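# Coordinates in review
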Amino acid sequence: MHHLVIGEGQIGRALIERTLADGDTVTVLRRTPQQLAPGVRRVTGDVLDPSALAEASEGAEAIHAGFHSVYDARVWRRELPPRERAVLDVAAERGVPVVFPESLYGFQGEASDLTEGAAPSPRDAKGEVRIDLLAQRRAHPARTLSVVASDLIGPTAVGTGSAVASALLIEPALARSRPIIFGDPAAPHTLTHIPDLAAAMLHTARHAERLTAAAGDAVLHAPSAPARTQRELLTEIAALTGHRPRRPLRVPRLAVRAAASVNTFARELHGISGLWYAPCVMRPGILELEESLVPTNWEEAVRQTVERARSAQEADVQKGSGAAPVSVQP
């Protein structure tokens with residue numbers, strides 16, 4: 001099967017790796033040129049450039065829309081709907097499915113025990129944008145599948161700054177800096193392993209007609225290990241490294257709320273704070289219960305992320321730009 005992957009961030013890179021490992025072929029559409037890797041066809045351009053999108057989608061049997069935008073709800077509302085429409089239009093024209101990675105933002109009100117198929121329950125502007133995007137997909141004639149994931153963990157999350165567990169806990173702990181706890185350290189929080197999300201997206205693409213049935217649209221939960229707490233995550237890091245992380249810095253919810261009025265990033269964090277200062281548990285859905293996709297166990301997902309963070313920091317040290325990383329126990 002030939003896949004078009006749009007975007008090459010933490011999800012796109014995992015998709016490309018898994019696609020090639022499965023023996024499929026892949027075209028990557030990205031805004032900036034990148035060195036050609038074996039087995040990957042690359043097209044440079046933007047989804048809003050009709051010629052670039054047409055060239056990239058030539059021969060594609062499924063499209064994976066992994067692009068995103070600046071972490072600001074106002075930018076999302078302006079940029080994401082037209083970008084998704086462009087992809088949907090091409091998919092409908094070519095008769096191929098589009099698979100989207102989706103967040104919990106639109107379901108924040110039900111996130112303490114989120115079951116697949118729950119009604120939308122956004123609690124901030126970002127969540128409202130996500131629900132509008134889901135509605136646009138549902139109304140479009142293209143066949144669409146949205147795979148919902150919680151906060152991401154995994155090797156390709158390292159260094160992106162966009163995955164809370166990696167950026168605030170794992171990477172600082174490995175660098176002997178103070179980890180930062182955003183949220184309640186004792187609240188269970190589902191983490192989705194990015195390789196599992198990639199596997200789920202490829203599975204839905206290959207079985208799109210069956211999974212969407214007559215509706216032509218499906219919103220499915222990515223297979224994810226049972227929820228654990230940030231406190232347990234710090235304990236696991238200590239077990240893997242043999243080194244207890246420094247005492248974490250806890251961010252009070254009131255501090256985030258106060259900063260939200262003067263700082264864009266704080267405002268956006270405050271908007272999704274309900275996912276972190278309370279339980280956030282994503283229950284298994286069809287992909288696990290009926291399609292037999294099995295998530296990576298929590299300990300192994302953490303180990304892979306820690307190992308990647310250690311390797312990245314070791315490379316920085318060799319370049320003279322970072323502190324010596326903590327070794328990881330086998």
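Located above this text is the structure these notes cover.
Scoring rules and cut-offs
- Residues numbered from 1 in each chain as written.
- Predicted model: local features only at pLDDT ≥ 70, side-chain atom pairs only at ≥ 80, totals over all residues.
- Heavy atoms only, no water.
- Helix = DSSP H or I, 4+ residues; strand = E, 2+ residues; numbered from the N terminus.
- Rg over C-alpha atoms; globule rule 2.2 N^0.38 Å.
- Buried < 20%, exposed > 50% of the residue type's maximum accessible area, 1.4 Å probe, protein only.
- Areas by Shrake-Rupley, 256 points an atom, 1.4 Å probe, with all protein chains shown as cover.
- Phe/Tyr/Trp six-rings, centres within 6.5 Å; stacked < 30°, edge-to-face > 60°.
- Pairing = 2+ DSSP bridges.
- Axes fitted to C-alpha atoms, helices over the stretch in contact; angles between N-to-C directions.
- Contact = heavy atoms within 4.5 Å.
- Polar contact = N/O pair within 3.5 Å; in protein donor to acceptor, adjacent residues only side chain to side chain.
- Parallel < 35°, antiparallel > 145°, perpendicular 65-115°, else oblique.
- Left-handed = near helix turned anticlockwise from the far one by under 90°.
- Core = buried A, V, L, I, M, F, W, Y, C linked by side-chain atoms within 4.5 Å.
- Expected span 1.5 Å × (residues − 1).

Turning next to the overall build of the protein chain. Secondary structure assignment for the protein chain yields twelve helices and eleven strands. Rg of the C-alpha trace for the protein chain: 20 Å, near the compact-globule value of 20 Å for 330 residues, within the 12% margin. Here the protein chain, with 330 residues, has 53% of them falling under the buried criterion. When the accessible area of the protein chain is evaluated, it comes to approximately 14,500 Å², of which 52% is carbon and sulfur surface.

Let's shift gears to the packing of aromatic side chains. As enumerated under the stated definition, the model contains five aromatic pairs in all. Here the aromatic rings of tyrosine 71 and tryptophan 76 are separated by 6.0 Å at their centres, their planes lie at 75 degrees, and the arrangement is edge-to-face. Pairing tyrosine 71 with phenylalanine 265 gives two aromatic rings, centres 6.0 Å apart and planes at 55 degrees, and the pair type is tilted. Remark: phenylalanine 265 occurs in helix H10 (residues 264–271) and tyrosine 71 occurs in the loop between strand E4 (62–65) and helix H3 (73–94); sequence separation between them is 194 residues. The partly exposed category is assigned to tyrosine 71, whose relative accessible area is 25%.

Another point: the sheet that holds strand E5 (residues 98–102). Neighbouring strands of a sheet are bound in pairs by backbone hydrogen bonds; such pairs are parallel or else antiparallel. As summarised here, the arrangement of the seven strands in space is E3-E2-E1-E4-E5-E6-E10, forming an open sheet in which the pairing is parallel. Edge positions in the open sheet fall to strand E3 (40–44) and strand E10 (217–221), since each of these has one partner strand only. Taking each pair of neighbouring strands and ignoring which way they run, the sheet shows an average axis angle of 20 degrees. Here strand E1 (residues 2–6) runs beside E4; their pairing, made up of four bridges, is parallel.

All right, on to the environment of aspartate 24 then. Assignment of secondary structure puts aspartate 24 in the loop between helix H1 (10–21) and strand E2 (25–30). Counting along the chain gives 69 residues from aspartate 24 to glutamate 93, while the straight-line C-alpha distance between them is 23 Å. Leave out the neighbours within four places in its chain, and aspartate 24 touches Met1, His3, Thr19 and Arg206. In terms of polar contacts, aspartate 24 uses its side chain to reach the backbone amide nitrogen of methionine 1, at 3.3 Å.

What follows deals with the packing of helix H5 (residues 164–174) against helix H12 (residues 298–318). In contact at an axis separation of 9 Å, H5 and H12 are set at 60 degrees when each is read in the N-to-C sense. Judged by the inter-axis angle, H5 sits oblique to H12. The element H5 and its partner H12 pack so that their crossing is right-handed. Only Thr305, Val306, Ala309, Arg310 and Gln313 of H12 make contact with H5, whose side of the interface consists of Ser166, Ile170, Glu171 and Leu174.

What follows deals with the nonpolar core. It is characteristic of soluble globular proteins that their nonpolar side chains tend to be buried jointly. Counting residues in hydrophobic clusters, the biggest one holds 43 residues, and the most contacted among them are Ile6, Leu29, Ile63, Val98 and Leu275. Of all elements in the fold, only E1, helix H2 (50–57), E4, H3, E5 and helix H4 (125–139) reach the threshold of two or more residues within this core. A total of seven residues in this core trace back to one element, the largest contributor, which is H3. With residues near it in sequence (within four places) discarded, leucine 275 still touches Leu104, Tyr105, Gln108, Ala111, His189 and Cys280.

In terms of burial, strand E6 (residues 144–148) is largely enclosed, as five of its five residues are buried. Burial along E6 is two-sided: Thr144, Ser146 and Val148 facing one way and Leu145 and Val147 facing the other are all buried. Pairing between E5 and E6: five bridges, direction parallel. Within the sheet, the bridge partner assigned to valine 99 lies in E6 and is leucine 145. In this sheet, E10 lies alongside E6 in parallel orientation, the contact comprising five bridges. Following the sheet pairing, valine 148 is matched in E10 by histidine 221.

Attention shifts here to helix H8 (residues 230–241). For H8, spanning twelve residues, the distance from its first C-alpha to its last is 17 Å, which sits close to the expected 16 Å at 1.5 Å a residue. Looking only at H8, the buried set comprises Gln230, Leu233, Leu234, Glu236, Ile237, Ala238, Leu240 and Thr241. In the segment just after H8, glycine 242 is the residue with positive phi, at about 70 degrees.

So, on to the side chain of histidine 3. Tracing the backbone shows histidine 3 in strand E1. Exposure remark for histidine 3: the relative accessible area of 0% places this residue in the buried category. The residues touching histidine 3, leaving out its near neighbours within four places in the chain, are Thr19, Asp24, Thr25, Val26, Thr27, Ala62, His64, Leu202, Ala205 and Arg206.

What follows deals with the environment of arginine 41. Here arginine 41 shows up in strand E3. Along the primary structure arginine 41 and threonine 25 are separated by 16 residues, whereas in three dimensions their C-alpha atoms are 8.5 Å apart. Of the polar contacts made by the side chain of arginine 41, one reaches the side chain of threonine 27; its length is 3.0 Å.

Don't take any of this as a statement about function, it's just geometry.
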